[in-house]
Amino acid sequence: MGESIRERILDLLRPTPAEWADWKWHFRHRITTAEALARIVPIAPDAVSRLAAVATKFPLSITPYYLALVRDGDPDDPILQQSMPDPRETALADLGEDDPLEESADSPVPGLVHRYPDRALLVVTDICPLLCRHCTRKREWEFGNWVRRPSEIDAAVEYLRATPTIRDVIISGGDPLTLDNARLGDLLARLRSIPHLEIIRFGTRFPVVLPQRIDAEFCRLCDRYGPIWLNTHFNHPNEITPEAERAVRELLRAGVPVNNQTVLLRGINDTVEIQRRLSRELLRIRVRPYYLYHADEVRGTEHLRTPVERGLEILEGLRGHTSGLGVPTFVIDVPGGGGKIPLLPNYVVSWTDEELTVRNYEGLTFRYRNPADDAADRASTAASPPSPRLARRRQRSDTARKRS
Ligand SMILES: *Cc1c(COP(=O)(O)O)cnc(C)c1O
Ligand code: SF4
């Protein structure tokens, strides 16, 4: 056909440049049916009804901006794979759980997840401009399109006010930036009236799927109610566009550090090569890779999950090979409410009281002397009996001396 996906979208929807720059226009023109999608991307006629069937269980929603990033002629396009329903979502639906992280069990009031001692997650809506096929909150989709009621927000704010151990609140969703600036401003003002809340974070994918949302008014709010941090969710270097770069630049100008949480996805970003490029591109636009999540065990996402080892291979391929600033922490979020647990490639070959044998990123091994906890005591209290650990150490070095 010759025409690119972007051109087809522009032909079909005919936005003015001002409309294309307006996040609300994109929001209103989200692609939400398999039929509408098939008018833009090549989908075999018999596949359309299959996708439509999947979408009755796990709905579909793609912003025109994000869909325009799809490169024509690639059935494995990473943008398409993150946004287009897949028959395997329902075929493999017996694997995975609806609420693997048991967030409902950690909610003292509706909408607030308080799992860690000093921070809490405030879920203000379940609406997202783009429904990611790998979403951990996929279970929420069927209840569809709610924004938390003012009375529930009141209860959450009161819980936060009454819980002085919480110093970090994460405004999350869904995507909290689907709320307009007036509502967000109101929420920020109320949170800021709680003296023990030191930092506020946003968890939002808007910089990736609809960067037009990061407008001057939102940045003013962040500046006014700061310190505010923003965590976003780039998964692939193709998502790093001039529009995304502009959004990040405006956030940074408003004093908002931007960090990234990537989900490791089979066939999308599960190679060292892609992750290195992603890391480099993120640093170039001044976004710090924060977490690399192993994909959670969620019903309808099994086809996108990799073995845990893949994450460790990727970390191996990053550490030492690229800027340390660009190496995220690899975490699994364990079922049963255990929270995030970091995993690291094993760089330790052997470990004793005296010495570690370690290997570096090139696979070379090195020995590293392990200082004793009581080395200082040894000099100052030579008269007192040595600790058992020190006694063992001395005995061993005596034996070694005798041998040589
Ligand atoms: C991830 C998460 C947090 C924040 O964790 P950090 O490691 O501080 O980024 C807080 N609460 C819940 C429930 C979470 O899942
Ligand atoms: S932006 Fe986050 S919450 Fe929204 S669909 Fe994607 S993964 Fe789920």
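Residues numbered from 1 in each chain as written. Chains lettered and ligands numbered in written order. Predicted model: local features only at pLDDT ≥ 70, side-chain atom pairs only at ≥ 80, totals over all residues. Heavy atoms only, no water.

## Regarding the pattern of salt bridges
Now for step 1: Enumeration according to the criterion identifies 26 salt bridges in this entry.
Now for step 2: Residues R161 and E158 are paired through a salt bridge, measuring 3.5 Å at the closest nitrogen-oxygen approach. With a gap of 3 residues between them, R161 and E158 both fall in helix α9 (residues 150–161), about one helical turn apart.
Now for step 3: Residue R161 is classed as partly exposed on the basis of its relative accessible area of 33%.
Now for step 4: Classification of E158 by relative accessible area gives partly exposed; the value is 41%.
Now for step 5: As a salt-bridge pair, D215 and R213 come within 3.7 Å of each other at their nearest N and O atoms.
Now for step 6: Here R213 falls in the buried class, since its relative accessible area comes to 0%.
Now for step 7: Each of D118, R119, R167 and E198 takes part in salt bridges that share partners, so that together they form one network. (Salt bridge = Lys/Arg side-chain N within 4 Å of Asp/Glu carboxyl O. Helix = DSSP H or I, 4+ residues; strand = E, 2+ residues; numbered from the N terminus. Buried < 20%, exposed > 50% of the residue type's maximum accessible area, 1.4 Å probe, protein only.)

## Digging into the nonpolar core
Now for step 1: In terms of nonpolar packing, the biggest core is built from 77 residues, with Y66, L67, L191, F202 and F218 touching the most fellow members.
Now for step 2: Here this core spans two domains, and each of domain 1 (5–91) and domain 2 (104–343) adds at least three residues to it.
Now for step 3: Counting 8 residues, the second-largest nonpolar core is a separate cluster that includes L265, I268, Y291 and Y293. (Core = buried A, V, L, I, M, F, W, Y, C linked by side-chain atoms within 4.5 Å. Domains from an automatic or database assignment.)

## A few points about the sheet that holds strand β10 (residues 348–351)
Now for step 1: Strand order in the open sheet formed by 3 strands is β10-β11-β12, with antiparallel pairing between adjacent strands. Every interior strand has two partners, whereas the edge strands, β10 and β12 (365–369), have only one. When strand polarity is set aside, the average angle formed by the axes of neighbouring strands in this sheet is 15°.
Now for step 2: Across 5 bridges, the pairing between strand β11 (residues 355–359) and β12 is antiparallel. Looking at the pairing, T357 lines up with R367 of β12. (Pairing = 2+ DSSP bridges. Axes fitted to C-alpha atoms, helices over the stretch in contact; angles between N-to-C directions.)

By themselves, these are just geometric observations and shouldn't be taken as functional.
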